[in-house]
Structures are given as structure tokens and as C-alpha cells.
Amino acid sequence: MSARLSYRIVIALAFLLSTSCTQAVNKATKSEAQHGADTTQAAPAPKWQPTAQQEVVKVKSAAMGEVSNTVTVPASYLAASDTTHYPVVYLLHGFGDDHTAWAKRADLKAAANRYGIIIVCPDGKTSWYFDSPVNPKLRYETYISSELVQWVDSHYRTRAHRMGRAITGLSMGGHGALWNAFRHPDVWGSCGSMSGGVDITKFPDRWDMHLALGNYAQHKQSWAEHSVINLVPSLHAGKQNIIIDDGRQDFFYEVNMALHKALTQKGIAHQFSIRPGQHSWSYWRESLPQHLDFFKTVFDGKPVKCTTSIDDSSPAKKASAKTTPQKKASTPKAAKKDSI
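Residues numbered from 1 in each chain as written. Predicted model: local features only at pLDDT ≥ 70, side-chain atom pairs only at ≥ 80, totals over all residues. Heavy atoms only, no water.

1. Some points on the pairing of strand β1 (residues 53-61)
And then number 1: Across nine bridges, the pairing between β1 and strand β2 (residues 65-73) is antiparallel. Following the sheet pairing, Q54 is matched in β2 by T72.
And then number 2: In sequence, β1 turns back onto β2 through a hairpin of three residues. (Pairing = 2+ DSSP bridges. Helix = DSSP H or I, 4+ residues; strand = E, 2+ residues; numbered from the N terminus.)

2. Topic: the pattern of salt bridges
And then number 1: Taken as a whole and judged by the stated rule, the model has six salt bridges.
And then number 2: Three or more residues joined by partner-sharing salt bridges are found here, namely D245, R275 and E286. (Salt bridge = Lys/Arg side-chain N within 4 Å of Asp/Glu carboxyl O.)

3. Some thoughts on the side chain of S190
And then number 1: Tracing the chain through its elements places S190 in strand β6 (residues 190-194).
And then number 2: Among the residues examined, S190 registers a relative accessible area of 1% and is labelled buried.
And then number 3: Aside from chain neighbours lying at most four places away, what touches S190 is R165, A166, I167, N241, F295 and V298. (Buried < 20%, exposed > 50% of the residue type's maximum accessible area, 1.4 Å probe, protein only. Contact = heavy atoms within 4.5 Å.)

4. As for the packing of helix α4 (residues 140-155) against helix α5 (residues 172-183)
Packed helix pairs are specified by the crossing angle of their axes together with the interaxial distance, meaning the distance between the axes.
And then number 1: Direction vectors running N to C along α4 and α5 enclose 65 degrees, while the axes themselves pass 10 Å from each other. At the point where α4 passes α5, the crossing takes the right-handed sense. Counted together, Y140, E141, I144 and S145 of α4 and W179, N180 and R183 of α5 form the full contact between these two elements.
And then number 2: Counted by class, the contact of α4 with α5 contains three nonpolar, two polar and two charged residues. (Axes fitted to C-alpha atoms, helices over the stretch in contact; angles between N-to-C directions. Left-handed = near helix turned anticlockwise from the far one by under 90°. Nonpolar A, V, L, I, M, F, W, Y, C, P; charged D, E, K, R; others polar.)

5. Considering the confidence of the model for the protein chain
And then number 1: Within the protein chain, residue pLDDT values average 84, and 77% of them lie at 70 or more.
And then number 2: Ignoring residues within four places in sequence, the model shows residues 3-7, a span with pLDDT below 50, making one contact including any to other chains.
And then number 3: Scored below 50 in pLDDT, residues 9-43 shows two contacts in the model against residues more than four places distant or in partner chains. (pLDDT = per-residue confidence, 0-100.)

6. Details of helix α3 (residues 108-115)
And then number 1: Among all positions in α3, only L108, A111, A112 and Y115 are buried. Within α3, the buried residues cover an arc of 100 degrees as seen down the axis, which keeps them to one side.
And then number 2: Packed against the buried residues of α3 are β1, β2, β3 (88-92), α2 (101-105), β4 (118-122) and α9 (281-299).
And then number 3: Backbone geometry just after α3 places G116 at a positive phi near 65 degrees. (Arc of directions from axis to C-beta.)

7. Comments concerning α4
And then number 1: Residue L148 marks the point of greatest curvature in α4, where the axis turns by about 35 degrees.
And then number 2: All buried positions along α4 are accounted for by Y140, E141, Y143, I144, S145, E147, L148, V149 and V152.
And then number 3: Where the residues of α4 are buried, they touch β1, β2, β3, β4, β5 (165-169) and α5. (Bend = angle between axes of the 7 residues up to and from the residue.)

Below, the structure written as C-alpha cells:
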């Protein structure tokens, strides 16, 4: 065999080998793609989903120094692209609790998300939320209706006007919410009270009120002037949106009924309800959504329904009526108080 022939054979074999390898590689690549090999780009990472945020902020009071407050903002507030200004609900605690009470006992994050609101819970200690006439260092009315509102409006994206604010609370906080709202209608467009102690003159020896008002026997006029029920004559019809409720077995039942009667006689529209329940967190957790529903209606620019619903029955009486209708049900025992 000549050298030239041998060279041609080698070239031909090399060409055939190269072609076979290329076809094999292409076939393998096609097979991997058909059988799900990792030949596509990685899936994009899931977008970050913000949750409602809760924080404790300290706000300066001219008379009392720094006051702690728990603030809850909805998840939507935290979105980078969000520029919404949110309505604010100020939620007051009862005697014996502090600014953390509502956050511990109710799901404020879920509430902020559901209603699209900012919730502010100030620390009112045992103040009853008014400015004390005997102690110049107790200025909770000034703090709530002036200093705190201004601070919140300057640090959060709020609807900084009266119709973008509501205030409510439980027990001592119910009194405080109505007290501040009735005295400052230019600040509060809506207000409420859950089991509120709305006539403090009926309880002169309870809950350290003498520390803020002085001894009842010596300061009866001052006590009367600092009771919410006695502010009713100063109110004007159609000025505010008001919601009030109490439990039938609550020790504040009678004073709430008296407030309802006074508001009705004055022609002040308000939503009022009495239902079976005692002075307890189980009752207030049921009340909170009712108040927030009421406030949201206002925030949405819709008219509220000022209805009256009074259920004078109790679970004990209902059960007794079903089993032994010929006997009168016994009076239910007072519940252990969570706070007032």
C-alpha cells in the first residue's frame, strides 16, 4: 500500500470518528432534556411577604416624661411601594393593665391587616385618662388627645384629621375614650366604650381614683365633673360617631344603661348594645371586632347604623328556662375580674 493511500485512509477514519462523537453528544443532550435534566434556569425566589408589625415606642409628655405605647401597623403599610395614609384606632386598656394588655390578649396584628388600620395602645397606668385636678404630674388627657396624636401623625402615614381617627377602650379605658372624645370633638370623629366605668361617682372607694381626684367626700363636685355621663349636656347631635356596649352581668351595667338613657334624651345618636357577658377578656375580645366594624364604616365614608340592642337574658337564665320553666333562675355569680 502506498504512503498516499495510507494517509487518505487515516483521514477518512478520523472524519468518521468525529462525526460519530458529535452525533452521540447531540443525542445525549436531547435525551437529557426530554427526561428532565437540569437544563433550565432556576425558578425565581418567592417574593417576600410582609406581616403586620408591632413595636413599642416612647413618646415625650411635657408633664410625665416618656410614655410607652404599643403600635401595630398592617402588612400593607410595610410594602416598599405603599404610599397609603391609614386611619388610626387608639385602643385604651383598663385599670391594672398597661400598653401591652391588648396585644397580649387579642390578635391586633390580624385586626390591623383585616381593617387596614394602625392601632395605638398607650400606657395609661391607673389614670382614668383625664388631667388630674390635684396632681400636676398626671396629664393623660393632654397626652392622649394632643401630644400622642401629634407624634403619631408625624411619625406614621396617617389620615391626620378627626374623621381618620377613632378612640375606644375597655372599662377604665372605655371611660377614658369617651372622656377624651367628648371633650375634644375636633380631634376624634369616632369613639367607643366597652364595659366602661362611665359614672365614677358610683364607685368612690375603688381603683385609686382618689389619687387623681382627691377624697370623694371632700371633692364631690370634681368627681362629678370628671364623670363621662355628666358631659352629655355639652354634646351636639351629629358631631361624632359613638358605639357603646356592656355585658348584662357586668358591674358597670347600670351606669351604662344610665348613659344610654342620657344620650337618647339629649338626641345624641349612638349604637348601643347589651348582651350576656361579664367584666372579662372573653367579652372584650368579642366586642373589639364590633367596634372596628363600626369605625371602618366611618373610615370608608359610609353612614353608620345607630341601633339599640338590649338582651337582658343570661346563659344561666336561658338554661334554667329550658329545663325547669316553673322555677326562677338563680342570679349568676360575679365573674373574676381580669382588669377594670
